[in-house]
Amino acid sequence: MFLVLITQMLQPTVLAVGLYQEFSSWRGPLVWVALILINAAFNLSFAIWIMQAFFASVPKEVDEAALIDGAGRLQTLFRISLPLVWPGIVTAIVFVFVNTWNEYAAAFILVQDPALQPLTVAMPRFLGLYVRDWQYLFTTAMVAVVPVIILFAFIERRLIGGLTAGAVK
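From a predicted model like this one, the values you see are computed outputs, not experimental measurements.

### Considerations on the packing of helix H4 (residues 60-68) against helix H5 (residues 73-84)
Turning to step 1, where the next piece is worked out: At a closest axis distance of 10 Å, the pairing of H4 and H5 adopts a crossing angle of 140 degrees. Here H4 lies oblique to H5, going by the angle between them. Viewed along their axes, H4 and H5 form a crossing whose handedness is right-handed. Contacts between H4 and H5 involve Val62, Asp63, Ala66 and Leu67 on the former and, on the latter, Arg73, Thr76, Ile80, Ser81 and Leu84.
Turning to step 2, where the next piece is worked out: Among the residues making up the contact of H4 with H5, the classes are represented as five nonpolar, two polar and two charged.

Have a look at this one:
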């Protein structure tokens, strides 16, 4: 867990030069693969950190009881442990999705083609030196918020359970 914590300390902004040198030759749709790899690498440590706390809260006696009843390790994981930590999975999904959706630094560095830029990078184009097209900026910001609102609407109950799990013993 110490190594996971250390990787959480590094952000794409700190590694901007190295990321650019590594992925600058990737053009077109491959740049999206690079962004996926970068976001997965930087968000995996946070998800592991959250999930470790939830898996640690599952009593080992529950797993032992499943093993005594004849379940294998994978059956115990999928039928016993994962349903018990489902609020943690939902919490990790929400935090990682929002963090990835709002990611700016790596996308700004790697995506040079304006047609391929994500909304977070494309929005500042509406602010010029002498002209500010606020109506377009706010419209784009509203469009950027819609997927997050839809995600929260679908998993609101499970998210609240995940955030408050372990608050009272």
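### Observations regarding the environment of Ala40
Turning to step 1, where the next piece is worked out: On the secondary structure map, Ala40 appears in helix H3 (residues 30-56).
Turning to step 2, where the next piece is worked out: Judged by its relative accessible area of 43%, Ala40 falls in the partly exposed class.
Turning to step 3, where the next piece is worked out: In this structure, the C-alpha to C-alpha distance between Ala40 and Val96, residues 56 residues apart in sequence, is 8.9 Å.

### A few points about the layout of surface pockets
Turning to step 1, where the next piece is worked out: One number sums up the size of the largest pocket: a volume of about 240 Å³.
Turning to step 2, where the next piece is worked out: Per element, the largest residue contribution to the lining of the largest pocket is four residues, and it comes from H3.

### Notes on the environment of Phe54
Turning to step 1, where the next piece is worked out: By the secondary structure assignment, Phe54 is in helix H3.
Turning to step 2, where the next piece is worked out: Along the primary structure Phe54 and Leu3 are separated by 51 residues, whereas in three dimensions their C-alpha atoms are 19 Å apart.

### Details of a nonpolar patch on the surface
Turning to step 1, where the next piece is worked out: A cluster of nonpolar side chains, contributed by Met1, Phe2, Leu3, Leu5, Ile6, Met9, Leu44, Ile48 and Trp49, occupies part of the molecular surface with about 920 Å² of accessible area.
Turning to step 2, where the next piece is worked out: Where the nonpolar patch is concerned, the elements lending two or more residues are helix H1 (2-9) and H3.
Turning to step 3, where the next piece is worked out: For the nonpolar patch, the element with the highest residue contribution is H1, accounting for five residues.
Turning to step 4, where the next piece is worked out: Relative to the helices and strands, Met9 resides in helix H1.
Turning to step 5, where the next piece is worked out: Taking the relative accessible area as the measure of exposure, Met9 reaches 58% and is therefore exposed.

### Here we look at the nonpolar core
In globular proteins that are soluble, nonpolar side chains generally tend to be buried together.
Turning to step 1, where the next piece is worked out: Counting 14 residues, the largest nonpolar core has Leu19, Phe23, Leu35, Ile38 and Leu110 as the members making the most contacts within it.
Turning to step 2, where the next piece is worked out: Secondary-structure elements contributing two or more residues to this core are helix H2 (16-23), H3 and helix H7 (105-110).
Turning to step 3, where the next piece is worked out: The biggest single contributor to this core is H3, with five residues.
Turning to step 4, where the next piece is worked out: When near neighbours in sequence (up to four residues on either side) are disregarded, Leu110 contacts Leu19, Tyr20, Phe23, Val31, Ala34, Leu35 and Ile38.

Rules used throughout
Residues numbered from 1 in each chain as written. Predicted model: local features only at pLDDT ≥ 70, side-chain atom pairs only at ≥ 80, totals over all residues. Heavy atoms only, no water. Axes fitted to C-alpha atoms, helices over the stretch in contact; angles between N-to-C directions. Helix = DSSP H or I, 4+ residues; strand = E, 2+ residues; numbered from the N terminus. Parallel < 35°, antiparallel > 145°, perpendicular 65-115°, else oblique. Left-handed = near helix turned anticlockwise from the far one by under 90°. Contact = heavy atoms within 4.5 Å. Nonpolar A, V, L, I, M, F, W, Y, C, P; charged D, E, K, R; others polar. Buried < 20%, exposed > 50% of the residue type's maximum accessible area, 1.4 Å probe, protein only. 1 Å grid on protein atoms, 1.4 Å probe; cavity = no way out; pocket = protein on both sides within 12 Å on 5 of 7 lines; lining within 4 Å. Points joined across faces, edges and corners; volume = space filled by probe spheres on them. Patch = residues over 30% accessible without salt bridge, like charges linked within 9 Å, V, L, I, M, F, W, Y side chains within 5 Å. Areas by Shrake-Rupley, 256 points an atom, 1.4 Å probe, with all protein chains shown as cover. Salt bridge = Lys/Arg side-chain N within 4 Å of Asp/Glu carboxyl O. Core = buried A, V, L, I, M, F, W, Y, C linked by side-chain atoms within 4.5 Å.

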